[in-house]
Amino acid sequence: MDSQKYKIVYCTPALYSAGGVERIVSVKASYFAECYGYDVTVIVTEGEGRASFFPLSDKVKVINLELGFEELWQASFLKKVWLYLQKQRRFKRRLTAELMRIRPDFTISMLRREVNFITTIKDGSMKIGELHVNRANYRNFEANETNVLKKLFAQVWMNSLVGKLRKLDRLVVLTEKSKATWPELSNVVVIPDPLPFETSSVSSLTTKRVITIGRYAYQKGYDMLLRAWAEVVRDFPDWQLAIYGMGNQSGCRQLMRELALDTNQCQLNGPVNDVTREYLNSSVFVLSSRFEGFGLVLIEAMSCGVPVVSFDCLSGPDEIISDGKDGFLVPVGDVQALADSMKSLMRDAILREHLAVHAHQRSEDFRIEKIAARWVQLFDQLRC
C-alpha cells in the first residue's frame, strides 16, 4: 500500500502560537503533504488572520472555523459555561460540514474541544485521537487550582472521557508510561513526537550558557529552575541562564528579585523562531517541568549536541534519556539535585562532550522519517 495517497484532516485549536502541539502538527502535516503526497488539511478554531508560528508547507490547507474559544479565558465561570455551550454547538455544526465536504480517510484530533463529539460525525473517516499530555494532567494544565467548581467540572468531564476515547479507532499516546495509564482501553498505540528540524551542526559546548525552552507556566517549573540557578550561579558567575517561551513572565521576574538574580546572568526571553541557533549557542539544556506529555525540547537539544539535565517527571524524559549516558535525570522537585547536575556539566568539558555525543546519537531515533513511517503503518493497518 506504499502508493496509497491518503487524505488527512488535523483538528487542533490554533497554529499561530509557539506551543509544542502547534509545532508538531505543522511538522507532520508538512511532511505528509511534501514527502508522501497526502492531501492534508488543518482545521483550527482560533487565530483568524494570523499566520502559523512555525513553517507550514504551501501544500497544506488551513481552515479556520473562527469560533473564538479564547474569549472564554477572560470570562467568569458561569459566563464561561454559557459561552462554551454556545460555541461548542457551532463548532460541531461547522466541523461536521467541513468533514462531510472533505471526506478524509483519517481525521486526527488533538483531543481538545472536539473530543466530545468527533466520533459522532459520520463522514466516513477513521477517527484517531492524539494525546500530548499525560492522563493525570489532562484537564489541569496550570497551577494547583483550588476552585471547587472547576475541580468538580474536571472530575465529571474525566468520568465521561474514557467512553469517548473508547469509540476512537485509535488513541495515539507519546510514551509507554502514558499508555499504561489507560488500562480500560484496548485501542492505544505509542508513537512519539518527531524531531521537528534537521541540523548538520552541533554545539561547540564552549559558550557558558544554560538554556531552557518552554512556557512561563506552573507546569514548566521555572520557579524551581530559578531557585536552582541561584545556587549554581554562586559557583559559576561567568555563566548565563537563558529562558525562552511564551506567557506571562511577571512571576519569574518577581522571584528573580527575591533571589537577587542578576538579569545579565539570568535572562527571560519571549518565544523564538530559530530555536536551532539558540541550542547551538548553548552548552547545557535543562528541563525543570513538574510534568510533561513527552518532552520534545529534550530531543531538539540532544540533536544539536547539547547535554541535557531533566527532572524525571511523568511522562517522557526517562524514555528519552539514559541517565549518565546521554543526559542526567534527577528526582522531580529536587532543586538541589538539579543544581548539582548542572554544576557537574558546567565544570567538566569532557563530561559535556561525552554526554553530547551519545545525546546526538539518541536523537536520531526520533527523526521525522522514522516517526512518519510508524504513522503510515498505522494508517495502512486501519485501512486494511
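Residues numbered from 1 in each chain as written. Predicted model: local features only at pLDDT ≥ 70, side-chain atom pairs only at ≥ 80, totals over all residues. Heavy atoms only, no water.

Caption draft 1: Broad picture of the sheet that holds strand E9 (residues 240-247). The parallel open sheet is built from 6 strands, whose spatial order is E10-E9-E8-E11-E12-E13. The open sheet terminates on both sides in strands that have one partner only, identified here as strand E10 (266-269) and strand E13 (327-330). Sheet twist, expressed as the mean angle between neighbouring strand axes with direction ignored, is 20 degrees. Pairing of strand E8 (residues 209-216) with E9, which is carried by 8 bridges, proceeds in the parallel orientation. Opposite Tyr216, over in E9, you have Gly247 as the bridge partner. (Pairing = 2+ DSSP bridges. Helix = DSSP H or I, 4+ residues; strand = E, 2+ residues; numbered from the N terminus. Axes fitted to C-alpha atoms, helices over the stretch in contact; angles between N-to-C directions.)

Caption draft 2: Expanded view of the layout of surface pockets. Approximately 310 Å³ is the volume found for the second largest pocket. In terms of lining residues, the second largest pocket is bounded by 17 residues, among which Arg23, Val27, Pro55, Pro196 and Phe197 are the most central. Counting only elements with at least two residues in the lining of the second largest pocket, the list comes to helix H1 (20-35) and helix H7 (275-280). A total of 5 residues in the lining of the second largest pocket trace back to one element, the largest contributor, which is H1. When its residues are assigned to classes, the lining of the second largest pocket shows 10 nonpolar, 4 polar and 3 charged. (1 Å grid on protein atoms, 1.4 Å probe; cavity = no way out; pocket = protein on both sides within 12 Å on 5 of 7 lines; lining within 4 Å. Points joined across faces, edges and corners; volume = space filled by probe spheres on them. Nonpolar A, V, L, I, M, F, W, Y, C, P; charged D, E, K, R; others polar.)

Caption draft 3: Examining the sheet that holds strand E3 (residues 61-64) more closely. Taken in spatial order, the 7 strands line up as E3-E2-E1-E4-E5-E6-E7 in an open sheet, and their pairing is parallel. Since the sheet does not close on itself, it has two edges, and those belong to E3 and strand E7 (188-190), each with one partner. Strand after strand, the sheet turns through a mean of 25 degrees between neighbouring axes, direction not considered. Examined bridge by bridge, strand E5 (residues 126-130) and strand E6 (residues 170-173) share 3 bridges and lie parallel to one another. Paired with Glu130 across the strands is Val172, a residue of E6. The strands that helix H2 (residues 77-102) touches are strand E1 (7-11), strand E2 (39-44), E3 and strand E4 (106-109); relative to E2, the one it contacts most, it runs at about 175 degrees. Contacts between helix H12 (residues 368-383) and the sheet are confined to E1, E4, E5, E6 and E7, with E5 contributing the most and set at about 145 degrees to the helix. (Contact = heavy atoms within 4.5 Å.)

Caption draft 4: Here's a closer look at the pattern of salt bridges. Summed over all chains, the structure comprises 22 salt bridges. The partner of Glu198 in a salt bridge is Arg367, with the nearest N and O atoms 3.5 Å apart. With a gap of 169 residues between them, Glu198 in the loop between E7 and E8 and Arg367 in the loop between helix H11 (349-363) and H12 connect regions that are remote in the sequence. Counted as one network, the salt bridges with shared partners bring together Glu198, Glu364, Arg367 and Glu369. (Salt bridge = Lys/Arg side-chain N within 4 Å of Asp/Glu carboxyl O.)

Caption draft 5: Just empty space enclosed by the protein, in detail. In the structure shown here, the tally under the stated rule is 1 cavity of 30 Å³ or more. Considered as a void within the structure, the largest cavity measures approximately 50 Å³ in volume. Along the lines of polarity and charge, the residues of the lining of the largest cavity split into 4 nonpolar, 2 polar and 3 charged.

Caption draft 6: Examining the packing of aromatic side chains more closely. Taken as a whole and judged by the stated rule, the model has 19 aromatic pairs. Seen from their ring centres, Tyr6 and Phe379 are 5.9 Å apart, and the 75 degrees between their planes marks the pair as edge-to-face. You can see Tyr6 sitting in the segment before E1 and its partner Phe379 sitting in helix H12, a full 373 residues away along the chain. The pair Tyr6 / Phe379 is uniform in exposure class, with both members buried. Between Phe32 and Phe379 the ring centres are 5.8 Å apart and the planes differ by 55 degrees, which places this aromatic pair in the tilted class. Of this pair, Phe32 sits in helix H1 while Phe379 sits in helix H12; the two residues are 347 residues apart in sequence, bridging distant segments of the chain. Comparing Phe32 with Phe379 shows no difference in burial state: the two are buried. A network of ring pairs unites the aromatic residues Tyr6, Tyr31, Phe32, Tyr36, Tyr38, Phe106, Trp375 and Phe379 as a single cluster. In this structure, Arg290 is placed above the aromatic ring of Tyr218, and the distance from its NZ or CZ to the ring centre is 4.0 Å. Over the ring of Phe106 we find Arg383, and its NZ or CZ is 5.4 Å from the ring centre. (Phe/Tyr/Trp six-rings, centres within 6.5 Å; stacked < 30°, edge-to-face > 60°. Buried < 20%, exposed > 50% of the residue type's maximum accessible area, 1.4 Å probe, protein only. Lys NZ or Arg CZ within 6 Å of the ring centre and 35° of its normal.)

Caption draft 7: Main features of the nonpolar core. Val210, Leu226, Trp229, Leu338, Met342 and Met346 are the most contacted members of the largest nonpolar core, which totals 34 residues. Broken down by element, the residue count for this core peaks at 9 residues, all from helix H5 (residues 222-235). Residue contacts for Met346: discarding those within four places in its chain leaves Val210, Trp229, Val232, Phe236, Trp239, Val284 and Arg352. One finds Cys11, Ile121, Leu161 and Leu171 within the second-largest nonpolar core, a separate group that totals 31 residues. (Core = buried A, V, L, I, M, F, W, Y, C linked by side-chain atoms within 4.5 Å.)

Caption draft 8: Molecular detail of the side chain of Asn187. Take Asn187: it is sitting in the loop between helix H4 (176-180) and E7. Within the structure, the side chain of Asn187 is placed 3.0 Å from the backbone oxygen of Leu165, a separation counted as a polar contact. Residue contacts for Asn187: discarding those within four places in its chain leaves Leu165, Arg166, Leu168, Asp169, Arg170 and Leu171. (Polar contact = N/O pair within 3.5 Å; in protein donor to acceptor, adjacent residues only side chain to side chain.)

Caption draft 9: Summary view of the state of the cysteines. As enumerated under the stated definition, the model contains 0 disulfides in all. In this structure Cys35 is a free cysteine whose sulfur lies 20 Å from that of Cys304, the closest cysteine sulfur available. (Disulfide = S-S within 2.5 Å.)

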